[in-house]
Each structure stands twice: as C-alpha cells, then as structure tokens.
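Coordinate analysis (summary)
Here are the chains, one letter per residue:
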Amino acid sequence: MTTPLQAIRDLLNEDKRYRIEAYQFIRESLHYAHENNEATSAAMADVDPAPGISSENPNHVTGQQLCESCRRYAIDQYGYLAKMVLANWGIRSTSDLGELVYNLIRIEQMRKSETDRREDFDDVFDFDDAFEPQFELVARDED
C-alpha cells in the first residue's frame, strides 16, 4: 500500500509542472476556506456557481470558492509578493489550481463531489490583476 508521502513523491516525479509547496498551498488554502467560509462566500456572491451545486453540504468548497480562498490566503501570507511566490511554484492561473486539486484527488489526498468538475477552476479570475494592491482614493473635504 502506498503511503500519502510516497503518493506525493510519485506525483512530483510524474508531473513536474508544480513544486511540493504548490500542493501544500492548496491544502492550506482549503483549510483557510473552511475557516473563512463566510468571507469567501460573500466575495463569490457575484460569481455564478457551477451547475448542480447545492447548498446541502455547507462544508463543501466549490472550485470557484477554493480559487478565491487561494487568492486571499496568498495575499495574507505573501502580500505584494504573492503572484511571484505562486509563479515560482508553477501556479500562474486558476487553471493551475484546478490541475493541482485534481492531481490530489487522483492520488486520493482530496475528495470531490459528484458535481465537481476540473473546468470549475478555469478562468475564475485573472492572475495578472488578482494580486495587485487595491488602492482607493478618498476625497478630502476642504473647508
């Protein structure tokens, strides 16, 4: 029987696109999603859920929600360097997040629901804009 550690080692040898840190990041982002479910849901309110997604399992995180959690977690952990750190691990788009998740599913380190699809991760947001600092100009009242 293959241990989880051996399964990850085999995966890294088989798919060299991503570093081990990328897989750890996915796992941490999933944990972050569960801890911050309300904030993630509010941020995703304007994103259409995948067809067939129901609210029957409140612990289930959709592909879109996981992408948003990855974005928020990366900003929390790495600030302005988030995009560069993720790129160093091979993550350059939300599609890469989906590839990582489905690799983990394939080696039985993550689970999916019947309605989850790999395509749920495609084009969730634009990586070029997602990690840029957001500034807001505030008008001053002049007396």
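Read on for a plain summary of the structure.

Parameters at a glance
- Residues numbered from 1 in each chain as written.
- Predicted model: local features only at pLDDT ≥ 70, side-chain atom pairs only at ≥ 80, totals over all residues.
- Heavy atoms only, no water.
- Helix = DSSP H or I, 4+ residues; strand = E, 2+ residues; numbered from the N terminus.
- Buried < 20%, exposed > 50% of the residue type's maximum accessible area, 1.4 Å probe, protein only.
- Contact = heavy atoms within 4.5 Å.
- Areas by Shrake-Rupley, 256 points an atom, 1.4 Å probe, with all protein chains shown as cover.
- Phe/Tyr/Trp six-rings, centres within 6.5 Å; stacked < 30°, edge-to-face > 60°.
- Salt bridge = Lys/Arg side-chain N within 4 Å of Asp/Glu carboxyl O.
- Patch = residues over 30% accessible without salt bridge, like charges linked within 9 Å, V, L, I, M, F, W, Y side chains within 5 Å.
- Lys, Arg positive; Asp, Glu negative; His and termini not counted.
- Charge placed at Lys NZ, Arg CZ, Asp CG, Glu CD.
- Expected span 1.5 Å × (residues − 1).
- Axes fitted to C-alpha atoms, helices over the stretch in contact; angles between N-to-C directions.
- Parallel < 35°, antiparallel > 145°, perpendicular 65-115°, else oblique.
- Nonpolar A, V, L, I, M, F, W, Y, C, P; charged D, E, K, R; others polar.

Quick look at the overall build of the chain now. When helices and strands are tallied, the chain shows seven helices and zero strands. Its helices and strands in sequence order give the chain the pattern α-α-α-α-α-α-α, from N to C terminus. A burial count over the chain gives 38% of its 143 residues as buried. Once local pairs closer than 6 in sequence are excluded, the contacts in the chain between residues at least 24 apart make up 75%. For the chain, the accessible area works out to roughly 9500 Å², and carbon and sulfur atoms hold 47% of it.

This model, assessed by the stated rule, comprises nine aromatic pairs. Ring geometry for F25 and Y73: centres 5.8 Å apart, planes at 35 degrees, overall tilted. Residue F25 is located in helix α2 (residues 20-35), and its partner Y73 is located in helix α4 (residues 63-78); the two are separated by 48 residues in the primary sequence. Taking the relative accessible area as the measure of exposure, F25 reaches 1% and is therefore buried. Measuring from ring centre to ring centre gives 5.6 Å for F125 and F127, while their planes differ by 10 degrees; the resulting arrangement is stacked. F127 shares its class with F125; the two are buried. Ring-pair connections join several aromatic residues into one group, and the members of that group are F25, Y32, Y73, Y78 and W89.

Okay, the pattern of salt bridges next. Overall, the coordinates contain ten salt bridges when judged by the stated rule. For D120, the salt bridge goes to R117, with nearest N and O atoms at 3.1 Å. A residue is classified by how much of its surface remains accessible, and D120, at 3% relative accessible area, is buried. Counted as one network, the salt bridges with shared partners bring together D15, R17, E99, R118 and D122.

Let's shift gears to a negative patch on the surface. A contiguous patch of negative charge, built from D123, D126, D129 and E132, is present on the exposed surface. Within the secondary structure, D126 sits in the loop between α6 (94-106) and α7 (127-130). Under the relative-accessibility criterion, D126 is labelled partly exposed at 41%.

Moving on, we get to α6. For α6, built from 13 residues, the straight-helix expectation of 18 Å at 1.5 Å per residue is met to within 8% by its first-to-last C-alpha distance of 18 Å. The buried fraction of α6 is high, at ten of 13 residues. Buried residues of α6: T94, D96, L97, G98, L100, V101, Y102, N103, L104 and I105, and no others. Those residues of α6 that are buried are in contact with α1 (4-14), α2, α4 and α7. Phi turns positive, to about 65 degrees, at E108, one or two residues after α6.

Moving on, we get to the packing of α2 against α6. Between α2 and α6, the shortest axis-to-axis distance is 10 Å and the interhelical angle comes to 85 degrees. On the basis of the axis angle, α2 is roughly perpendicular to α6. For the pair formed by α2 and α6, the contact residues are A22, Y23, F25, I26 and R27 on the first element and L97, L100, V101, N103 and L104 on the second. For the contact of α2 with α6, the residue count by class is eight nonpolar, one polar and one charged.

This part is about unusual backbone geometry. At E108, a position not held by glycine, the phi torsion is positive, near 65 degrees. Residues other than glycine seldom take positive phi values, yet D123 does so here, at roughly 55 degrees. Looking at the element boundaries, D123 is found in the loop between α6 and α7.

The values are spatial; any link to function lies outside them.
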